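Chain by chain, the residues:
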Amino acid sequence: MDGRDLVRSVKSVGSVQGMRAVRSAWRNRRADARALAPRGPERARVPGLLVGAEPEPGGGVVRFARSQLRIRVAAGGAVFWSWDAAGPLPSYALAGAEPEPDPRARLEPDTNGGWMVVSERLTVVVSRHGAVELRTPGGVLLRRELPPRWWEPVEGGAARWVQRSEVPADARFFGLGGRSGGPRLREGTYRLWNTDPGGRFGPADDPLYLTMPVQMVVSDAGTHLAFHDNTWSGGVTLREGEEGAGSGHDRLGTCEVRMEGGPLRCWVVVGTPARVLRGWTALTGAPALPPAWALGPQHARWGFGSEREVRRVVKGYRDRGLPLSVLHLDIDHYDAHQVFTVDPERFPDLPGLAKELREEGVRLVSIVDPAVRASAGNAVFESGLEVGAEGAFVRDPQGSPVLGEVWPGECVYPDFTDPMVRDWWGALYEERLGQGFSGVWHDMNEPVSFSAFGDPSLPRSSRHALEGRGGDHREAHNVYALAMARAGYEGLRRLRPDERPFLFSRSGWAGMQRYGGTWSGDVATGWPGLRVSLALVLGLGLCGVPYSGPDVGGFDGSPSPELYLRWFQLGAYMPLFRTHAAIGAGRREPWEFGPEVLARAGEILAERERLLPYFVTLAHLARLTGAPYVRPVWWGASGDRELRDCEDAFLLGDSLLVAPVLEEGADRRQVRLPRGRWYDTATGKAYEGPGQVVVDAPLSRIPVLARAGAVIPVRGPGGGLELEVWAPPAGRTGGGLVVRDAGDGWERAEVERYTSRLGAGRVVVERDGTQELVPYPVRVRGRSGPAQP
């Protein structure tokens, strides 16, 4: 630590808490120095030579001189392998029991002296030295895992390991959670440790709040997702390959996974991007389905400060005819920042306010932080001490609660890896519901303890239950927020069994989609932050988290009217459409940026409301198939290399292509199109893909193109559902899906399929599988003639 660290800490959290953060940092460092001995001498180990194999249902065990490799193909096609007898369970990522093996897949000798497992979609080849190759049924290499290496402390303890892999030279890497430098992950090392970057972040900051060892690799050979199921601290080093490098030979792409402990085990899912995400969510759980109101416009601010200000903001929306579905209250509504409380002076009748707003169609959502003020008289703290034999809170190796510094002051942290603690915490949400809140957003749950230097988290020596296995924070840190989300989600389900919970979380891990979504966190205000907002949503969607969105306008600072409007335009096509800002960063209400911005924002909000049936449909499809709402433009054409390198546009479902303006002063932009005809939804002009076109992008709008033949459910002028159909070209057909909103409960959704075609000079729309008439009004747009140049 030096003077600059101290000044930075004091500035970030205030003078008193800044000094407390210094004390907390020193306390954490001393705790780890006492409890975590230096690694000392280590013994390196590799698998050695192959010595035998034992077939099992779905695969088998391949034995080497110094380790053993287990391979199993699951009935759904996913492939699991592990070293040193590690099994798929226990796992925080998997949903439920271990998948059943595919009885058709068998372990059999390979011609090169190794072994192989042949399945319907993949062939796994194991060499005599322990390399594992994944090949297509036609023999094309998708991924090669080189023999791993372990370093084991001579005096005992967790072994660290490294697994190096090779992929085709043309492959592109995506995923690894929320990465500001994405969505395409270029050469570099990406740390696996959920981290609060400290107030703001930009494109160069890594890691962020939500990391996970989930990578999607896309190449000409095919698409695959690789998940190293290990929650410990680690890192992934990537390097893209190069074709024809060095005497005309390809230089393969490489991936190196290093972990500080825990099992070496991996799942791989192969297929088209859609099939990969379907298989991934079959393993880790279907995404939680948000209530329909959570797909409307939302507004938040750290610093509303009073019921009066909340009413003023909501009235501002209503008086200007602007739709608003949700308003979020940040920590300033708490009594002294303590969770599960309300400041009685600033919010004297919060249930009354919530009831009043709900009658106007606006729901309240509450922030919930995990840190609990450690003080006598705090009901949450005192009830937590009574949970189980040792209380609800994370403890140090000596058995005392670990203390950290957060907004309420000196705090303790619930151990959400203990089922009893999750039950206790989930029951506390009854207080939030009683105050009139309809949902929650989890914040500061990496978890955070303000630190003047080093890692702003808990000591790594802190002890956790880990579902009864026991362990320390090195293993529990990355799943802390995931387990908190489980506690909140299951608690809300018990308290309101007839309603779908609404929960989203700043931090999480693989499988978090089971409990809700996420958002960008404290993205810096500026044009780079706007670009980061898109990268995060795309990357998280490819990791199985479909519901997310940015802080529109950025978290800190005051955006210019142009930047705010461009961010607003992007946000309107994100699943979570929410404005938000830090205290002192300026307001984010549209009317604060002048009459032109207000008029344009009104048009954007009206379009979001018009598209609400489409967002509802995408939400249900995400639940059923794992497909994200926001998809890369290569989603349906992963073999198109030009599309694989496109990072500044996205598909919203299958029907719309959105090209946000990410550069200051731009009024036109290039758009790369997938194959087929695309219509500019503003002008009706038709373009033919694949290829790149230049499209007008005045300040009033961003380019949004509809796929020819698309059938899109929209809200009509009278509020009812209509079908917007974009004319297919002659000789081609199109279609679309519709899932009607059945309320906020658990009613089973019915997926309606519609097709479009040209017949006798007009566009014909039919419901697939039935002779019944289409039950909705149909509006045809576009034209069936040749595309314009």
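Please read all numbers here as calculations on a predicted model, not as lab measurements.

### Quick look at the overall build of the protein
Here is step 1 of the chain: If you tally the helices and strands in the protein, you get 14 helices and 43 strands.
Here is step 2 of the chain: For 789 residues, the compact-globule estimate of 2.2 N^0.38 gives 28 Å, and the protein sits close to it at 27 Å.
Here is step 3 of the chain: Structurally, the protein occupies a C-alpha span of about 75 × 70 × 50 Å along its principal axes.
Here is step 4 of the chain: Looking at the protein residue by residue over its 789 residues, the buried ones come to 60%.

### Observations regarding the pairing of strand E5 (residues 79-83)
Here is step 1 of the chain: Of all five residues in E5, five are buried, a share of seventy percent or more.
Here is step 2 of the chain: Alternating residues of E5 divide into Val79, Trp81 and Trp83 and Phe80 and Ser82, and every residue in both groups is buried.
Here is step 3 of the chain: Across five bridges, the pairing between strand E4 (residues 68-73) and E5 is antiparallel. When the sheet's bridge partners are listed, arginine 72 is paired in E5 with phenylalanine 80.
Here is step 4 of the chain: Once E4 ends, the chain turns through five residues before running back antiparallel as E5, passing glycine 77 with a positive phi of about 105 degrees.
Here is step 5 of the chain: Strand direction decides the pairing type here: E5 and strand E19 (residues 265-271), joined by four bridges, are antiparallel. If you follow serine 82 over to E19, its bridge partner there is arginine 265.

### Brief notes about the packing of helix H12 (residues 595-610) against helix H13 (residues 612-625)
The geometry of a pair of packed helices is captured by two quantities: the angle between their axes and the separation between those axes.
Here is step 1 of the chain: Two elements in contact, H12 and H13, have axes separated by 4 Å at closest approach and are oriented at 50 degrees. Considering the angle they form, H12 stands oblique to H13. In this structure, H12 contributes Arg608, Glu609 and Arg610 to the contact, and H13 contributes Leu612, Pro613 and Phe615.
Here is step 2 of the chain: The class makeup of the residues in the contact of H12 with H13 is three nonpolar, no polar and three charged.

### Looking at the packing of aromatic side chains
Here is step 1 of the chain: Following the criterion strictly, the structure yields 30 aromatic pairs and no others.
Here is step 2 of the chain: Taking the centre distance of 5.1 Å and the plane angle of 65 degrees together, the rings of phenylalanine 340 and tryptophan 425 count as edge-to-face. Highlighted residues: phenylalanine 340 in the loop between strand E21 (326-329) and helix H5 (350-359) and tryptophan 425 in helix H7 (residues 419-434), separated in sequence by 85 residues. Taken as a pair, phenylalanine 340 and tryptophan 425 share a single burial class, namely buried.
Here is step 3 of the chain: The ring centre of tryptophan 591 lies 4.3 Å from the NZ or CZ of arginine 320, which sits over that ring.
Here is step 4 of the chain: One residue, arginine 460, lies across the ring of tryptophan 193, its end atom 4.1 Å from the ring centre.

### Topic: the nonpolar core
Here is step 1 of the chain: Core analysis: the largest hydrophobic core is formed by 190 residues, its most contacted members being Trp425, Tyr629, Phe650 and Leu652.
Here is step 2 of the chain: Apart from the residues within four sequence positions on either side, tryptophan 425 is in contact with Val339, Phe340, Val368, Asp369, Pro370, Val372, Pro414, Phe416, Met484 and Ala487.
Here is step 3 of the chain: With 39 residues, the next largest nonpolar core counts Ile71, Leu238, Met259 and Cys266 among its residues.

### So, the side chain of serine 457
Here is step 1 of the chain: Looking at the secondary structure, you find serine 457 in the loop between strand E26 (439-442) and strand E27 (463-464).
Here is step 2 of the chain: Judged by relative accessible area, which is 1%, serine 457 ranks as buried.
Here is step 3 of the chain: Polar contacts involving the side chain of serine 457 include one to the main-chain carbonyl oxygen of proline 447, which spans 3.2 Å.
Here is step 4 of the chain: Only 3.1 Å separates the side chain of serine 457 from the side chain of histidine 477, close enough to count as a polar contact.

### Here we look at the sheet that holds strand E24 (residues 404-406)
Here is step 1 of the chain: On the basis of which strands lie adjacent, the open sheet formed by three strands has the order E23-E25-E24 and antiparallel pairing. Each edge of the sheet is formed by a strand with only one pairing partner; in this case those strands are strand E23 (372-373) and E24.
Here is step 2 of the chain: Examined bridge by bridge, E23 and strand E25 (residues 409-412) share two bridges and lie antiparallel to one another. Of the residues in E25, the one forming a bridge with valine 372 is valine 412.

### Remarks on unusual backbone geometry
Here is step 1 of the chain: Here the bond from aspartate 206 into proline 207 is cis, since omega is 0 degrees, no more than 30 degrees from zero.
Here is step 2 of the chain: Assignment of secondary structure puts proline 207 in the loop between strand E14 (188-192) and strand E15 (211-219).
Here is step 3 of the chain: Of note, the amide linkage connecting glutamate 446 to proline 447 takes the cis form, showing an omega dihedral of 0 degrees.
Here is step 4 of the chain: One non-glycine residue, alanine 336, lies in the positive phi region at around 55 degrees.
Here is step 5 of the chain: Assignment of secondary structure puts alanine 336 in the loop between E21 and H5.

### Digging into empty space enclosed by the protein
Gaps left between atoms show up when a probe the size of a water molecule is rolled over them.
Here is step 1 of the chain: The full count for this structure, using the stated rule, is eight cavities of 30 Å³ or more.
Here is step 2 of the chain: Approximately 90 Å³ is the volume attributed to the largest cavity.
Here is step 3 of the chain: Contributing to the lining of the largest cavity are 13 residues, with Ala288, Pro290, Leu503, Gly516 and Gly517 lying nearest its centre.
Here is step 4 of the chain: Reported here for the second largest cavity is a volume of approximately 60 Å³.
Here is step 5 of the chain: Considering the residues around the second largest cavity, the lining is formed by Gly178, Leu208, Tyr209, Leu210, Arg506, Thr518, Trp519, Ser520, Leu536 and Leu540.
Here is step 6 of the chain: Residues belonging to the lining of the second largest cavity are distributed by class as follows: six nonpolar, three polar and one charged.

### Remarks on the side chain of histidine 333
Here is step 1 of the chain: Residue position: histidine 333 is located in the loop between E21 and H5.
Here is step 2 of the chain: Owing to a relative accessible area of 0%, histidine 333 belongs among the buried residues under this scheme.
Here is step 3 of the chain: Residues contacting histidine 333, with those up to four places away along its chain left out, are Thr341, Val342, Asp343, Arg346, Phe347, Leu350, Ser366, Ile367, Arg432 and Phe437.

### Some thoughts on the environment of aspartate 648
Here is step 1 of the chain: With respect to the helices, strands and loops of the structure, aspartate 648 is situated in the loop between helix H14 (641-644) and strand E33 (650-652).
Here is step 2 of the chain: Sequence separation between aspartate 648 and arginine 672 is 24 residues; the distance between their C-alpha atoms is 9.3 Å.

### Some details on helix H11 (residues 561-571)
Here is step 1 of the chain: Among the 11 residues of H11, 10 are classified as buried, and the element is accordingly described as predominantly covered.
Here is step 2 of the chain: Among the residues making up H11, those that are buried are Glu562, Leu563, Tyr564, Leu565, Arg566, Trp567, Phe568, Gln569, Leu570 and Gly571.
Here is step 3 of the chain: Those residues of H11 hidden inside the fold are in contact with helix H10 (527-541), strand E30 (551-552), strand E31 (578-579), H12 and E33.

### Some remarks on the packing of H10 against H11
Here is step 1 of the chain: At their nearest, the axes of H10 and H11 sit 10 Å apart, and the two run at 5 degrees to each other. Relative to H11, the element H10 is oriented roughly parallel. Facing H10, whose interface residues are Trp527, Gly529, Leu530, Ser533 and Leu534, H11 presents Glu562, Leu563, Arg566, Trp567 and Leu570.
Here is step 2 of the chain: When the residues that make up the contact of H10 with H11 are grouped by side-chain class, the tally is six nonpolar, two polar and two charged.

### So, the state of the cysteines
Here is step 1 of the chain: According to the stated counting rule, one finds zero disulfides in the structure shown.
Here is step 2 of the chain: Free of any disulfide, cysteine 255 has its nearest cysteine sulfur in cysteine 266, 9.1 Å distant.
Here is step 3 of the chain: Relative accessible area serves as the criterion here: at 2%, cysteine 255 is assigned to the buried category.

### Considerations on the pattern of salt bridges
Pairing of side chains with opposite charge becomes possible as their charged atoms draw close.
Here is step 1 of the chain: The final tally for this structure, using the stated rule, is 65 salt bridges.
Here is step 2 of the chain: In this structure, aspartate 551 and arginine 578 form a salt bridge, with 3.2 Å as the shortest nitrogen-oxygen distance. A residue pair is termed long-range when its members are at least 10 positions apart, and aspartate 551 in strand E30 and arginine 578 in strand E31 qualify at 27 residues.
Here is step 3 of the chain: Taking relative accessible area as the criterion, aspartate 551 reaches 0% and is therefore assigned buried.
Here is step 4 of the chain: Residue classification places arginine 578 among the buried positions, given a relative accessible area of 0%.
Here is step 5 of the chain: Glutamate 603 is paired through a salt bridge with arginine 600; the nearest N and O atoms lie 3.2 Å apart. Here the residue glutamate 603 and the residue arginine 600 both occupy positions in helix H12, the gap between them amounting to three residues, near one helical turn.

Conventions used here
- Residues numbered from 1 in each chain as written.
- Predicted model: local features only at pLDDT ≥ 70, side-chain atom pairs only at ≥ 80, totals over all residues.
- Heavy atoms only, no water.
- Helix = DSSP H or I, 4+ residues; strand = E, 2+ residues; numbered from the N terminus.
- Rg over C-alpha atoms; globule rule 2.2 N^0.38 Å.
- Buried < 20%, exposed > 50% of the residue type's maximum accessible area, 1.4 Å probe, protein only.
- Pairing = 2+ DSSP bridges.
- Axes fitted to C-alpha atoms, helices over the stretch in contact; angles between N-to-C directions.
- Parallel < 35°, antiparallel > 145°, perpendicular 65-115°, else oblique.
- Contact = heavy atoms within 4.5 Å.
- Nonpolar A, V, L, I, M, F, W, Y, C, P; charged D, E, K, R; others polar.
- Phe/Tyr/Trp six-rings, centres within 6.5 Å; stacked < 30°, edge-to-face > 60°.
- Lys NZ or Arg CZ within 6 Å of the ring centre and 35° of its normal.
- Core = buried A, V, L, I, M, F, W, Y, C linked by side-chain atoms within 4.5 Å.
- Polar contact = N/O pair within 3.5 Å; in protein donor to acceptor, adjacent residues only side chain to side chain.
- 1 Å grid on protein atoms, 1.4 Å probe; cavity = no way out; pocket = protein on both sides within 12 Å on 5 of 7 lines; lining within 4 Å.
- Points joined across faces, edges and corners; volume = space filled by probe spheres on them.
- Disulfide = S-S within 2.5 Å.
- Salt bridge = Lys/Arg side-chain N within 4 Å of Asp/Glu carboxyl O.

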